[in-house]
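# A structural walkthrough
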Amino acid sequence: GDSRPSGVDSSKGPHGSQSVAAERSGSDSAENARSGGKGSPGSNQGAFDQQAINTVSKNAGLPVPPDLTELPSDLAGVLEKTIMAVGEKRSAATIGRLARLYHALTTTREKSDRAIACYELAKSLDPNSYEWPYFLGRLFLLRKSHARARMEFEKSLALNPNYARNHAWLGDIELQRDRKSVV
């Protein structure tokens, strides 16, 4: 869950002026799809050219995508379009979109490796953007890797000292560390 201090001004950042609740909505949508939202796993078998999607991913230096036939059809369609967009224009922005989609699809079992690979690639293509280390920090928090999350938030903060969410997440990491040291 989100345990950031209340009252923190979430200044305009990677999601424009959206609220924290709006930021989470992507994860909520993916969760709904995973748990049987529109479409159902296996209902779209044969509707996607998995080989073409794998080839585009490989040529763009992306991680191997999941089997789209195992995803709800609406979610598979979004993933296919996003991967193909990267194939058409390999940029930090298109790869970052794919990373956020993989991030939203992350489960404990998957351990978020696809999202991490895409965020790292976006970061290498756009090293002056604070967005990619910010999102990596969020993902490493999800993985309970607080040291790596701190490192990414600090990188993001160095690139944009006014982005309040970095301050909030770093404060949350400190609070958790302090709680553990008291126990």
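Source: prediction; values computed, not measured.

## Things to note about the overall build of the chain
Each helix and strand counted, the chain has 8 helices and 0 strands in total. Order of helices (α) and strands (β) in the chain, N terminus to C terminus: α-α-α-α-α-α-α-α. When the 183 residues of the chain are sorted by exposure, 42% land in the buried category. Restricting to contacts in the chain with at least 6 residues of sequence separation, those with at least 24 account for 62%. Accessible surface for the chain amounts to roughly 9800 Å². Of this, 51% is attributable to carbon and sulfur atoms.

## Remarks on the confidence of the model for the chain
Per-residue confidence for the chain gives a mean pLDDT of 79, with 72% of residues at or over 70. Per-element confidence in the chain ranges from a low mean pLDDT of 39 for helix α1 (residues 20-34) to a high of 96 for helix α5 (residues 113-125). Note that pLDDT drops below 50 for residues 1-45; the model gives that stretch 73 contacts with residues more than four away or on any other chain.

## Points about the pattern of salt bridges
In the structure shown here, the tally under the stated rule is 7 salt bridges. Ionic pairing is found between Glu152 and Lys123, a salt bridge with its closest N-O pair at 3.1 Å. Of this pair, Glu152 sits in helix α7 (residues 146-159) while Lys123 sits in helix α5, and the two are 29 residues apart along the sequence. Accessibility assignment for this pair places Glu152 and Lys123 in one class, buried. The network of salt bridges with common partners includes Glu120, Lys123, Arg148, Glu152 and Lys155.

## Some points on the side chain of Thr106
Summarising the element assignment, Thr106 is placed in the loop between α4 (92-105) and α5. One polar contact links the side chain of Thr106 to the main-chain carbonyl oxygen of Tyr102, over a distance of 3.0 Å.

## Considering the environment of Asp126
Position of Asp126 relative to the elements: it lies in the loop between α5 and α6 (131-142). For Asp126, a relative accessible area of 29% translates into the label partly exposed. For the pair Asp126 and Ser91, spaced 35 residues apart in sequence, the C-alpha separation works out to 8.4 Å. Contact partners of Asp126, with chain neighbours within four places excluded, come to Ala92 and Trp132.

## Side note on the packing of aromatic side chains
Centre distance and the angle of the planes are the two values used to describe a pair of aromatic rings. All told, the structure shown has 7 aromatic pairs when counted by the stated rule. Seen from their ring centres, Trp132 and Phe135 are 6.5 Å apart, and the 35 degrees between their planes marks the pair as tilted. You can see Trp132 and its partner Phe135 sitting in helix α6, 3 residues apart, about one turn around the helix. On the accessibility criterion, Trp132 (3% relative accessible area) is buried. Given a relative accessible area of 4%, Phe135 falls into the buried group. Between Phe153 and Trp169 the ring centres are 6.3 Å apart and the planes differ by 5 degrees, which places this aromatic pair in the stacked class. With Phe153 in helix α7 and Trp169 in helix α8 (residues 164-182), this pair connects stretches of sequence that are 16 residues apart. As far as the burial class goes, Phe153 and Trp169 line up, both buried. The rings of Tyr119, Tyr130, Trp132, Tyr134, Phe135, Phe153, Tyr163 and Trp169 are connected pair by pair, giving a single aromatic cluster.

Analysis parameters
Residues numbered from 1 in each chain as written. Predicted model: local features only at pLDDT ≥ 70, side-chain atom pairs only at ≥ 80, totals over all residues. Heavy atoms only, no water. Helix = DSSP H or I, 4+ residues; strand = E, 2+ residues; numbered from the N terminus. Buried < 20%, exposed > 50% of the residue type's maximum accessible area, 1.4 Å probe, protein only. Contact = heavy atoms within 4.5 Å. Areas by Shrake-Rupley, 256 points an atom, 1.4 Å probe, with all protein chains shown as cover. pLDDT = per-residue confidence, 0-100. Salt bridge = Lys/Arg side-chain N within 4 Å of Asp/Glu carboxyl O. Polar contact = N/O pair within 3.5 Å; in protein donor to acceptor, adjacent residues only side chain to side chain. Phe/Tyr/Trp six-rings, centres within 6.5 Å; stacked < 30°, edge-to-face > 60°.

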